[in-house]
Amino acid sequence: MSVNRLHGGLVDHETAVNFSFNGKDYQGQVGDTLASALMANGVRLMGRSFKYHRPRGVMTAGSEEPNALVEVRTGGRQEPNTRATTVELFDGLTARSQNHIGSLKYDLLAVNDLFPAFLSAGFYYKTFMWPRAFWEKLYEPAIRRAAGLGSVSFEDDPDVYDKGFLHCDLLVIGAGPAGLMAALTAGRAGARVILAEEDFLLGGRLIAETNCVGELSGAEWTAAMQAELASMDTVRIMPRTTVFGAYDHGVYGAVERVSDHLAVPEAGKPRQILWRVYCKRAIVCAGALERPIAFQNNDRPGVIMAGAVRAYANRWAATPAQEVVVFANSDEGHQTAKDLIAKGLCVPAVIDTRADAPDMAGIEVLKGAQIINTKGCHGVTAVKVRLASGQTRTIKCGAVANSGGWNPNLGLTCHQRGRPVWDEAIHAFVPGSDLPVGQSVAGAANGVMSTHGALATGVAAAMAALGDLGITAAAPDLPEAEDGPVTLSPFWHVAGAKRAWVDFQNDVTVKDVKLAHQEGFRSVEHLKRYTTLGMATDQGKTSNVTGLAVMAEMTGKLIPETGTTIFRPPYVPVAMGTLAGRSVGKAFHPTRLTPSHHWAAEQGAQFVEVGNWLRAQYFPKKGDTDWRQTVEREVLSTRASVGVCDVTTLGKIDVQGTDAAEFLNKIYANGFAKLAVGKVRYGVMLREDGIAYDDGTAARLAEKHFVVTTTTANAVTVYRNMEFARQCLFPDMDVQLISTTEAWAQYAVAGPNARKLLRKLVDAGHDISNEAFPFMACGEITICGGLRARLFRISFSGELAYEIAVPTRYGDALMRRLMEEGEEFNVTPYGTEALGVMRIEKGHAVAAELNGTTTAANLGMGRMVSKSKDSIGSTLSERDGLNDADDLRLVGLKPVHTGEVVAGAHLMNATGPIDAKHDQGYVTSAAYSPSLETSVGLGFLRDGGNRMGETLRMVNPLEDQDVLVEVVSAHFVDPEGGRLRA
Amino acid sequence: MPDLKPLTALGAAAPRVDIIGALTIAETPNVALASLAARKGQGDAVVEVVKAGLALDLPAAGRSVANTSHRIWWTGPEQWMVEADFTVCELLAEALKSIVGATGSVTEQTDGWCRFDVTGDTVVALFERLCAVDVAMMAVGDATRTSMHHIGCFLIRTDEGVIVIGPRASAGSLHHALVEIAGAIA
Amino acid sequence: MLINHPLLGPRDASEFTYLGDANLLNRPDWQGENAVEAFHDYLYLRDNPAGLHRELWFHEQGDRSWLVVTRNTLTHEILGVEMARDVARNNKRFEGDAQ
């Protein structure tokens, strides 16, 4: 049996668990935490402190632990900064201490501890000011390495993390006596209850103390309660679940550690689940956290909270040492001694700060005494005590059980800026009246420190909550339980200590607090930020109140006058992976596939993400040397014969109703009321501020029926804005909207042979000749033996072109058919790159041109903005500043001699200075035009409409580019539009 | 009959069925869908004509109705989705147009969506990890739209389980989410 | 946050898209006097109160209704939720009566 393993408790003494710490193998028992198992094995030194690299051991038995931060597991599962007190032991667990160079025992950075004056409060601000250049390169990296917490492995985490949503009438946070009774009361009333407990066992202090509940031990009573709760359909018991945040309107965040206690999660199961809990009422039964008394060298391994010492002895059958000295300011000290004696341990003395402390049979109680120092290299070996008489005495021991009283666990009560209030009766802050809506607090969390009080207030809180919800409930009978008074006499720190720790995680001492005060940091918020007290990952759970008490002492004020600090979510650290959930890697966001996706993948297409869509970017063929050659082939082949491109991703919005045309008049800057049935019109949409934000076509399928297309990227925004216009701006119009984007597979068929190809598919009886179906015609037709389809004679490429749409399920087959039937025309599929090249060649604007700063006038479409009707943005498009004579105009650009047009480059006069003041415009899009065999670009040029033929300098100082370009029409290819109408 | 071969939303010739633990997740491609929106001031009239034409009362917010040939669920104020068997009524939109006439606007929605029928004892546990809707408290016939793994979907509670109707282009992502979570709760 | 949708009951705020001040419902008359100034004020001059605020939310992942939510910006308490279309229609009627 391990050296410090006791009998009894709630660990399974029959089942051993193998684990390792710093490479050494140990054995614990089922039911152990890493902390309790190390303790049982006699390991006291578990880490090094943040700043001074002082040896540190475990201090608490819960998630408030500031000291025993370790790195657990290896590889992708490696997890730094994990509190050993919350790690459930499993077979094969590996853990390492952190924050030291060299071995844990002989940390080279322990040298820091020799210069505490150098590293005192605010040392960052004082010491590393000069020379300034040294900060980034030298000081900061050095400090970060020295003060680093654990390390990450940089390997992918192999586990998955889930997110989920729970709903209940009552959320009970904490399953100690108050929580269990609250859940029981609500459960028996048939309410939907969630009982969340951070620990893997229910019971809270009931399983850590020796008090009885009725006839039963705390553990037995807890088990009976758990059995009854588990039998209720409406009650969900969630162990290993930390409620970490209280948000608006009864929403709580919780992390369930599903598989943290396993070496590897079961197949398919997540490591953790991030729950969002929607509750009508919540009761915080989170208990209280014990606070230490600060004294000289109180951070030595072996100095442990008295309540934790009892928990380790009673629940985990472990003790930090065989000889444990107790230091307290209340009867907690006596209780601790009693429990330890009952476990067969030696308690050399109870050192009680109260001069009137009660006596204890068989144990020496040193009344009015204080510990003034500890000794020991890597752990306590003795304490030096100043007796009431003023004499000192050294007492040999292996551990100190330290108790300065209990602070209600306020975290969740503060998450909506609730401010705690001071309770003079228990000398601690308790929740104020400004709790989150729907939240109440019971038991020790509310300052009710007896077991009886916890049971009673749990019931009362539940009854009140159920009453609010109109649920009739009967209060369960209360079992008999300990109901002692609070006996504490406030005592915060031992005077005269040179180095007495207040905040263990951030290495803040009583002296640091005093120094901050001397230097004028009087407000608690300033104190925190200057000393970093309470700013570590534990948010000062064990240190804030002590820090305040020291501050109060300095200012001569009372603690509540000095102030208080509040807590913010998360109550305990939450792993990034848990917040990410399954939104990682390829599942980062949903993927939208086009109807021709599977076919395109078969062709070896390269895909590009456009929003959530995957679009074919280009289709490499055998023999293509690089992507550019592929794209040029696709362009030339389309312009020479026929190409096909999947354009399903463009947004499609069905607009119907008596006022459909009038509605389009409102949302488009140009007019749609007079568009004939069977015709398509290009339209530009403005924002209300007069800036162009989307363009596309609207087809009039019937008198009261249009289909509006949007750009791929803006489909969601345009739909949202159209609904805004329909519901909020023009609520009396008869118009109905619905998106049909995904309902139709739509392909552009472009090129001189487009009609010939389509003719082979379109059912006889539909005339698609140029005369019957001219440019900008649209209609409903059938193809391939009766399949309903829509045909639009529109062109983005500048060629004779159609867009044909069929129900999406037939999209794959249609693409294959187009390829088959197009073989005689050497049909080519083309992707978004070729599409982009062709639209630049044709001078069509896209997002690069509709970039959020440009007006219709800038785009050369100023005349399209109708002045004879009201449309969104039309009024403000006329405002000053958008209509200057030398405004930017969209132009085409090509190099005069050599060089390339580059998107993002700026245009300057051929002669004259090159600076922002003389800027003439900028390039928005550029490509190599295989049709013109030259580089071409589109851009905005000051007064561009009147500068055709002018030579400018296109400069890109970032990459030393300086090219002479000629201003030309933006329509490089077929400016008269003859091909469109062929 | 067109001589083009349709694909299911997941991109295969035949619908996919996954049985994971207690759950069955079945892709259901044979549905025809059409949206219906009342014209201005025709809210009552459209209810009448649909009742006469399909023998169903257009459902109130959050609800669906069904008979042997059609299912209708509420999608928004004075807006509904109508569903029929694709193999029987591929041209549902046309049929519905002739029923509602000028009282409503009808739009074919058949291939805008994919449908998965999720059945089995653990459906509540599944949806608990997919969406914020309190599926446990949904009554049979309740229908709502919500977001699951960033995908906007309709959920309809039936006797057997839950029908999920999601955007067709995201069928793969939706299916992936359903199957992965089913594995996690199996 | 939860928004109590008038038709659907409490729904998670993540289903909604936020726009801003509900004054956006009151779009000026394009033919009114000083229309440019009126539109300028409509678009750019917004109150940013610490306290009650009427604002527009869109139930994008739900029924696609625009809602007018009255929210206390200090406490996040939501005091009322209305269908924006109803509010807009009432506003128009009110304007009509006034003329």
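Note that the coordinates shown come from a computational prediction; the quantities given were computed from them, not determined experimentally.

Trainee: When you look at the domain arrangement of chain B in this model, what are you seeing that I'm missing?
Mentor: When the parts of a complex come together, some accessible area is lost, and that lost area is often used as the size of the interface. Residue and element names in this part refer to chain B. Examined at the domain level, chain B breaks down into domain 1 (17–29 + 112–185) and domain 2 (31–111). Spacing between the C-alpha centres of domain 1 and domain 2 amounts to 23 Å. At the junction of the two partners, domain 1 supplies 16 residues and domain 2 supplies 13 residues. The tally of links from domain 1 across to domain 2 stands at three salt bridges. In this structure, R168 engages D111 in a salt bridge whose closest nitrogen and oxygen atoms are separated by 3.6 Å. Between the two partners, domain 1 and domain 2, sit ten residue pairs in polar contact (both at pLDDT 80 or more). Only β8 (113–119), β10 (151–157) and β11 (161–167) provide two or more residues apiece to the side of domain 1 that touches domain 2. Here the residues of the side of domain 1 that touches domain 2 are counted per class, giving nine nonpolar, four polar and three charged.

Trainee: Looking at this structure, I do not really get the interface of chain C and chain B. What am I missing?
Mentor: Listed by partner, the interface residues are eleven residues for chain C and 13 residues for chain B. Area buried by chain C at its contact with chain B is led by R11, Q61 and D63 of chain C, which between them contribute 42% of it. At the surface where chain C touches chain B, the tally comes to zero salt bridges. The tally of links between chain C and chain B comes to three residue pairs in polar contact (both at pLDDT 80 or more). Residues of the side of chain C that touches chain B, tallied by class, amount to three nonpolar, three polar and five charged.

Trainee: What is the right way to read the interface of chain B and chain A from this model?
Mentor: With 51 residues of chain B at the interface, the matching set in chain A holds 53 residues. When chain B packs against chain A, the two sides together hide about 4,200 Å² of surface, and 49% of this comes from carbon and sulfur. On inspection of chain B and its partner chain A, the count reaches eight salt bridges. Between R788 of chain A and E90 of chain B there is a salt bridge whose closest N-O contact spans 2.8 Å. For the interface between chain B and chain A, the tally reads 30 residue pairs in polar contact (both at pLDDT 80 or more). Of all elements in the fold, only β3 (31–38), β7 (104–108) and α4 (171–185) of chain B reach the threshold of two or more residues within the side of chain B that touches chain A. Of the residues in the side of chain B that touches chain A, the class split is 26 nonpolar, 13 polar and twelve charged.

Trainee: I tried to follow the packing of helix α15 (residues 627–640) of chain A against helix α20 (residues 832–842) of chain A on my own but got confused; where do I start?
Mentor: Residue and element names in this part refer to chain A. In contact at an axis separation of 9 Å, α15 and α20 are set at 60° when each is read in the N-to-C sense. As summarised for this structure, α15 and α20 are arranged oblique, according to the angle between their axes. At the point where α15 passes α20, the crossing takes the right-handed sense. Residue-level contacts link W627, V631, E634, V635, T638 and R639 of α15 to E833, A834, V837, M838 and E841 of α20. Looking at the contact of α15 with α20 residue by residue, the classes come out as six nonpolar, one polar and four charged.

Trainee: Looking at this model, I keep getting lost on the sheet that holds β11 of chain B. Mind explaining?
Mentor: Within a sheet, each strand pairs with its neighbour through backbone hydrogen bonds, oriented either parallel or antiparallel. Residue and element names in this part refer to chain B. Here we have six strands laid out as an open sheet, ordered β1-β2-β8-β11-β10-β9, and antiparallel in their pairing. The two strands at the open ends of the sheet, each matched to only one other strand, are β1 (17–20) and β9 (143–148). Each adjacent strand pair in this sheet contributes to an overall mean axis angle of 20°, direction not counted. As judged from the six bridges shared by β9 and β10, these two strands associate in the antiparallel manner. Counterpart to T144 in the pairing with β10 is L155.

Trainee: Looking at this model, I keep getting lost on the packing of aromatic side chains. Mind explaining?
Mentor: Given two aromatic rings, one states the distance between the centres and the angle between the planes to describe the pair. This model, assessed by the stated rule, comprises 18 aromatic pairs over all chains. When the ring of Y618 of chain A is compared with that of W627 of chain A, the centres are 6.4 Å apart and the planes differ by 35°; the resulting orientation is tilted. Judged by its relative accessible area of 13%, Y618 of chain A falls in the buried class. Plain terms: the ring middles of F16 of chain C and W57 of chain C are 6.4 Å apart, the flat faces sit at 85° to each other, and that makes the pair edge-to-face. Remark: W57 of chain C occurs in strand β4 (residues 52–58) and F16 of chain C occurs in the loop between β2 (9–12) and β3 (17–21); sequence separation between them is 41 residues.

Trainee: Just checking my understanding: could you explain the domain arrangement of chain A for this structure?
Mentor: By the assigned domains, chain A splits into domain 1 (12–128 + 142–147), domain 2 (161–289 + 408–468), domain 3 (300–404), domain 4 (514–562), domain 5 (592–877) and domain 6 (884–982). Spacing between the C-alpha centres of domain 2 of chain A and domain 5 of chain A amounts to 56 Å.

Trainee: I tried to follow the pairing of strand β33 (residues 613–618) of chain A on my own but got confused; where do I start?
Mentor: For a regular strand, the rule is simple: side chains alternate between the two faces of the sheet. All names here are of chain A. Summarising burial for β33: five of the six residues are buried, a large majority. When strand β31 (residues 592–593) meets β33, the two strands line up parallel, connected through two bridges. Each bridged residue has a counterpart across the sheet, and for L593 the counterpart in β33 is L614. Inspection of the sheet shows strand β32 (residues 606–610) paired to β33 by five bridges, in the antiparallel sense. Bridge pairing in β33 links Q606 to Y618. Hairpin connection of β32 to β33: two residues between the antiparallel strands, including G611 at a positive phi of 60°.

Trainee: Explain the environment of P348 of chain A to me, please; I cannot follow it from the model alone.
Mentor: Mapping P348 of chain A onto the fold places it in the loop between α7 (332–342) and β19 (350–352). Measuring from C-alpha to C-alpha, the distance between P348 of chain A and D767 of chain A comes to 106 Å, with 419 residues separating the pair along the chain.

Trainee: Would you explain helix α6 (residues 306–314) of chain A in this entry?
Mentor: Counting along an α-helix, one turn takes 3.6 residues, and residues three or four places apart therefore face a common direction. All names here are of chain A. The buried fraction of α6 amounts to nine of the nine residues, a majority that puts the element mostly inside the structure. Taken as a whole, α6 has its buried residues at A306, G307, A308, V309, R310, A311, Y312, A313 and N314. Considering only its buried residues, α6 is in contact with α1 (34–40), β16 (288–290), β17 (303–305), α7, β24 (399–403) and β25 (406–408).

Trainee: It is not clear to me how the pairing of β8 of chain B should be interpreted in this structure. Could you clarify?
Mentor: All names here are of chain B. Burial within β8 is extensive, with six of its seven residues counted as buried. Here seven bridges tie β8 to β11, and the two strands are oriented antiparallel to one another. Bridging from a neighbouring strand, F116 pairs with V164 of β11.

Trainee: Mind showing me how you'd approach α4 of chain B here?
Mentor: The first and last C-alpha atoms of α4 of chain B sit 21 Å apart over 15 residues, in line with the 21 Å expected at 1.5 Å per residue. Listed as buried for α4 of chain B are A171, S173, L174, H175, A177, L178, I181, A182, A184 and I185 of chain B.

Trainee: Can you help me understand unusual backbone geometry in this one?
Mentor: Residues and elements named next belong to chain A. In this structure, the amide linkage connecting P569 to the following residue, P570, adopts the cis form with an omega of 0°. By secondary structure assignment, the location of P570 is in the loop between α12 (559–562) and α13 (576–580). Unlike most non-glycine residues, R417 shows phi in positive territory, near 70°. Classification of R417 by relative accessible area gives exposed; the value is 59%.

What counts, and where the lines are drawn
- Residues numbered from 1 in each chain as written.
- Chains lettered and ligands numbered in written order.
- Predicted model: local features only at pLDDT ≥ 70, side-chain atom pairs only at ≥ 80, totals over all residues.
- Heavy atoms only, no water.
- Domains from an automatic or database assignment.
- Contact = heavy atoms within 4.5 Å.
- Salt bridge = Lys/Arg side-chain N within 4 Å of Asp/Glu carboxyl O.
- Polar contact = N/O pair within 3.5 Å; in protein donor to acceptor, adjacent residues only side chain to side chain.
- Helix = DSSP H or I, 4+ residues; strand = E, 2+ residues; numbered from the N terminus.
- Nonpolar A, V, L, I, M, F, W, Y, C, P; charged D, E, K, R; others polar.
- Buried area = accessible area lost by both parts, 1.4 Å probe.
- Axes fitted to C-alpha atoms, helices over the stretch in contact; angles between N-to-C directions.
- Parallel < 35°, antiparallel > 145°, perpendicular 65-115°, else oblique.
- Left-handed = near helix turned anticlockwise from the far one by under 90°.
- Pairing = 2+ DSSP bridges.
- Phe/Tyr/Trp six-rings, centres within 6.5 Å; stacked < 30°, edge-to-face > 60°.
- Buried < 20%, exposed > 50% of the residue type's maximum accessible area, 1.4 Å probe, protein only.
- Expected span 1.5 Å × (residues − 1).

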